[in-house]
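# What the coordinates show
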Amino acid sequence: MPADQPYWDMVESTAKELSARYGYRRIETPIFEATELFVRGVGEATDIVSKEMFTFPDRGGRSLTLRPEGTAPIVRAYFDAGMQLEPQPARLFYIGPYFRAERPQRGRYHEFHQFGVEAIGDASPLLDVEVILLGWQWFSAIGLDGLQLQLNSIGDEVCRPAYRERLREYYRPHLQELSAESRARFERNPLRLFDSKEPQDQALKRQAPHIVDHLCAPCADAFAEVQGALSEAQVPFTLNPELVRGLDYYTRTVFEYQHRDLGGAQNALGGGGRYDGLAAELGYKATPGIGFALGMDRTVMLLKEHRELQVTHPDVYALAVEGEATPHIFHIAGQLRQSGLKVVVDPTGLRLETKLRNAAKQGARVSVLIGPDERQRGEVVVRDMRSKTQVSVPEGELLGIVARTLDSA
Ligand code: AMP
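A brief report on the enclosed structure follows. These numbers were taken from a predicted model, which means no experiment stands behind them. (Residues numbered from 1 in each chain as written. Predicted model: local features only at pLDDT ≥ 70, side-chain atom pairs only at ≥ 80, totals over all residues. Heavy atoms only, no water.)

Turning our eyes to something else, we now look at the overall build of the protein. Of the regular secondary structure elements, the protein holds 15 helices and 16 strands. Expected size for 409 residues packed as a compact globule is a radius of gyration near 22 Å; at 28 Å, the protein overshoots this value by more than 25%. Counting only C-alpha atoms and orienting by the principal axes, one finds that the protein spans roughly 95 × 55 × 50 Å. Relative to its 409 residues, the protein shows a buried fraction of 53%. Restricting the contact set of the protein to residue pairs at least 6 apart, pairs at least 24 apart contribute 69%. (Helix = DSSP H or I, 4+ residues; strand = E, 2+ residues; numbered from the N terminus. Rg over C-alpha atoms; globule rule 2.2 N^0.38 Å. Buried < 20%, exposed > 50% of the residue type's maximum accessible area, 1.4 Å probe, protein only. Contact = heavy atoms within 4.5 Å.)

Dropping the structure here:
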């Protein structure tokens, strides 16, 4: 809606400026892709793939999907464009719509928008910190506070399989006590047992073993380095051993930016993590990567409660007192626009008082009026909408008078 656009403009331009300052270049992938890309990349057992994708066949019988997330398409594009041959890591950012068939509610839509970054081609934990910091600074640059950064490591293909078994062993004797959803997760994706909000699952969850306590040495070292560098960068974070994120491709560092005002299951404004196994999963050469996706709809929703941004108002409202002078009002408006002013022309046959009221309602600071008398004398009336005073001036002096009135208004 128009009243929301100042917020969207601001969060987008901040994203672009900040990304550029960190050396990230914009990339935009197609709105739809082969379904296979998401099934392989995001993972068959995830909520996204198993129940949230908008998938349809095209006329050739191929299965297409409206992109539910940005990382798998960007990794595909990275290889398609030969970016692996450029200096690494490739630093990329994106802003655009994504689609998920979730139950719509406050802060959850079928079409939503994300600002995301990906740094592909290097495994340094310092890159994790760069990405986390960029996201953190975006929230502060747009003027949103009250944010909490949650951090965890979910290990890699060396330590996670053994941990996954340990978790299953822990839950196995208690399967009957679990909710139906958690029982399904036990089979398909046991780490997701930590995402359960069901009251009956909470007691077991509290005692469950955490993967951070079972990391292999390289994963533990990387996690320590991330924490050390975040502390040095003075980014406050909270360790959350239950943070697992919903996508299969994550390894090692995972994080979420949460906001106290969102509450409930939708308290995340964004999140991300390292995905060192994704490229190989998609059939490309194994290549590490790290990124985040931040939800712009939720961010704008909160921002509107915290900050007031105005829609842009016209500088000048140009109106003819009587119908016959209307064509000339377009000429005058054109001259004003050429000097860079925002000018709205009133083409209606409404009464003068109504036109002036509409000018005030739209927030114009100056009105320019022409009636038959002014037309004859080659003059126009310039009205200061705030002081409600007006002067009649020769047309040649219009620009100067309008500029002066705007300065004083
Ligand atoms: P995810 O990678 O799934 O954690 O998504 C990252 C962020 O995108 C979330 O924290 C939300 O802010 C936003 N997001 C995800 N799904 C939706 C949705 N259906 N509607 C609105 N925002 C969403």
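Attention now goes to the state of the cysteines. A complete count under the given rule lists zero disulfides for this structure. Of all cysteine sulfurs in the structure, the one in Cys159 sits closest to Cys216, which takes part in no disulfide; the separation is 3.6 Å. There is no disulfide at Cys219, and the cysteine sulfur nearest it, in Cys216, is 3.6 Å away. You can call Cys219 buried: its relative accessible area is 1%. (Disulfide = S-S within 2.5 Å.)

So, on to helix α11 (residues 296-306). Among the eleven residues in α11, eight count as buried, and that is most of the element. Of the positions making up α11, those classed as buried are Met296, Asp297, Arg298, Thr299, Val300, Met301, Leu302 and Leu303.

Strand order in the open sheet formed by three strands is β2-β4-β3, with antiparallel pairing between adjacent strands. In the strand order of this sheet, the two ends are held by β2 (32-34) and β3 (55-57), each with one partner. For this sheet, the mean inter-axis angle between neighbouring strands, taken without regard to orientation, is 35°. Bridging between β3 and strand β4 (residues 63-66) involves three bridges; their strand directions are antiparallel. Residue pairing across strands places Thr55 opposite Thr65, the latter belonging to β4. Against the sheet, helix α2 (residues 35-42) contacts β2, β3 and β4, and its axis sits at roughly 75° relative to β2. (Pairing = 2+ DSSP bridges. Axes fitted to C-alpha atoms, helices over the stretch in contact; angles between N-to-C directions.)

On to a nonpolar patch on the surface. A surface patch of nonpolar side chains, amounting to about 250 Å² of accessible area, comprises Ile31, Phe32 and Phe56. Along the polypeptide, Phe32 turns up in strand β2. (Patch = residues over 30% accessible without salt bridge, like charges linked within 9 Å, V, L, I, M, F, W, Y side chains within 5 Å. Areas by Shrake-Rupley, 256 points an atom, 1.4 Å probe, with all protein chains shown as cover. Salt bridge = Lys/Arg side-chain N within 4 Å of Asp/Glu carboxyl O.)

A word on the nonpolar core. Ranked by size, the top nonpolar core spans 93 residues in total, and within it Phe115, Trp138, Phe139, Phe255, Tyr257 and Phe292 carry the most contacts. It is helix α5 (residues 125-141) that provides the largest number of residues to this core, a total of nine residues. Val316, Val368, Leu398 and Ile401 belong to the second-largest nonpolar core, a separate cluster that totals 19 residues. (Core = buried A, V, L, I, M, F, W, Y, C linked by side-chain atoms within 4.5 Å.)

In this chain, Gln88 is followed by Pro89 through a cis amide linkage whose omega measures 0°. Among the structural elements, Pro89 can be located in the loop between α4 (71-80) and β5 (90-99). At Gln234, a residue that is not glycine, the phi angle is positive and equals roughly 60°. The topology assignment puts Gln234 in the loop between α9 (217-232) and β8 (238-239). Residue classification places Gln234 among the exposed positions, given a relative accessible area of 69%.

Residues in contact with the ligand amount to 14 residues; listed here are only the nearest, Arg100, Glu102, Tyr109, Gln114 and Arg245. One of the backbone N or O atoms of Gly270 is found 3.1 Å from an oxygen atom in the ligand. Here the shell around the ligand takes three residues from strand β10 (residues 268-274), the largest share from any one element. Grouping the constituent residues of the shell around the ligand by class yields five nonpolar, four polar and five charged. (Near = heavy atom within 4 Å. Polar contact = N/O pair within 3.5 Å; in protein donor to acceptor, adjacent residues only side chain to side chain. Nonpolar A, V, L, I, M, F, W, Y, C, P; charged D, E, K, R; others polar.)

Looking only at helix α15 (residues 398-408), the buried set comprises Leu398, Ile401, Val402, Thr405 and Leu406. Each buried residue of α15 sits inside an arc of 135° when the element is viewed along its axis, so together they form one side. When the buried face of α15 is taken as reference, the exposed residues oriented beyond 90 degrees from it are Arg404, Asp407 and Ser408. Looking at the buried side of α15, the elements it contacts are β12 (316-320), α12 (326-338), β14 (366-370), β15 (379-384) and β16 (389-394). (Arc of directions from axis to C-beta.)

What follows covers the environment of Glu157. Inspection of the secondary structure puts Glu157 in the loop between β7 (147-153) and α6 (160-171). A sequence separation of 193 residues divides Glu157 from Leu350, and the C-alpha atoms of the two residues are 73 Å apart.

Let us look at the sheet that holds β14. What the five strands build is an open sheet, ordered β13-β12-β14-β15-β16; its pairing is mixed. Bordering the open sheet on either side are β13 (343-346) and β16, each of which pairs with just one other strand. For this sheet, the mean inter-axis angle between neighbouring strands, taken without regard to orientation, is 25°. Note that β14 and β15 share four bridges and pair antiparallel. When the sheet's bridge partners are listed, Val368 is paired in β15 with Val382. Packed onto the sheet, α12 meets β12, β13, β14 and β15 and runs at close to 175° relative to β13. Against the sheet, helix α13 (residues 352-361) contacts β12, β13, β14 and β15, and its axis sits at roughly 165° relative to β12.

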